[in-house]
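Read off the chains here:
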Amino acid sequence: MAHFHLAVRFPLIILPCNTLSTLRQPTRLWLLERVAAHLSPGGLFVASLPNPTLLTRLPAHSESDVEELFYSPIDGEPIQVSSAWERSPDHFTVAWHYDHLLPDGRVERFTMQTQHSLTRADGYLDELKQMGFVIKAAYGDFDYRRYTPHSPNLIIVAASAS
């Protein structure tokens, strides 16, 4: 993601689904360099991420909560999905557990983790400016509400300076 090179420029590049916050700072800067190189003059870059200020206010960890139950398309047996999270001073890690509930009582568990950087919102904005972007907006949700420390998200809209 941080090393792509295409022979085309785009008027809009979107990085959705909290992806930007899963990258460490050097990788984010490499990515932003590549995005800048692939934006048309005046093109927009939009990224959504969880509000890091909100995440830093959460307790250090959560208990595992069951979120969903669905049935395996392979064997028809239930799969229970639960999640839990842990917060350190620098990262917020979410773990999703997929428990395949077998008829004999055994449970096969698959766990997927995602780690988000707790870089402050102004840190992300400063990185974009450092890479030559002009910040157009910072929204707190997908309804265009202005970003605040209490917003659920940080949605950044930045323009190519060239």
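Up top is the structure.
Here the structure is a predicted model, which is why all the values come from computation and not from measurement.

Cut-off values and rules
Residues numbered from 1 in each chain as written. Predicted model: local features only at pLDDT ≥ 70, side-chain atom pairs only at ≥ 80, totals over all residues. Heavy atoms only, no water. Helix = DSSP H or I, 4+ residues; strand = E, 2+ residues; numbered from the N terminus. Buried < 20%, exposed > 50% of the residue type's maximum accessible area, 1.4 Å probe, protein only. Contact = heavy atoms within 4.5 Å. Salt bridge = Lys/Arg side-chain N within 4 Å of Asp/Glu carboxyl O.

Visitor: Describe in detail the environment of Ser 83, supporting the description with residues and values.
Guide: Mapping Ser 83 onto the fold places it in strand S4 (residues 78-87). With a relative accessible area of 11%, Ser 83 lands in the buried category. Residues Ser 83 and Glu 67, 16 residues apart in the sequence, show an inter-C-alpha distance of 7.1 Å. Every residue in contact with Ser 83, bar those within four places of it in the chain, is listed here: Glu 63, Ser 64, Asp 65, Glu 67, Ala 95 and Trp 96.

Visitor: Break down the pattern of salt bridges for me, citing the residues and quoting the values.
Guide: According to the stated counting rule, one finds 5 salt bridges in the structure shown. The partner of Glu 127 in a salt bridge is Arg 28, and the shortest N-O contact between them spans 2.7 Å. Separated by 99 residues along the polypeptide, Glu 127 in helix H3 (residues 121-130) and Arg 28 in helix H1 (residues 25-38) bring together distant segments of the chain. Residue classification places Glu 127 among the buried residues on the basis of a relative accessible area of 5%. Given the relative accessible area of 2%, Arg 28 is considered buried. Its salt-bridge partner being Asp 122, residue Arg 120 comes within 2.8 Å of it at the nearest N-O pair. Residue class for Asp 122 comes out partly exposed when judged on its relative accessible area of 35%.

Visitor: Account for unusual backbone geometry, with residues named and values stated.
Guide: Positive phi outside glycine occurs at Asn 18, with the angle close to 65°. Residue placement: Asn 18 occurs in the loop between strand S1 (10-15) and H1. Even without a glycine there, the phi angle at Tyr 144 is positive, about 70°. Following the sequence through the fold, Tyr 144 ends up in the loop between strand S7 (133-139) and strand S8 (153-160).

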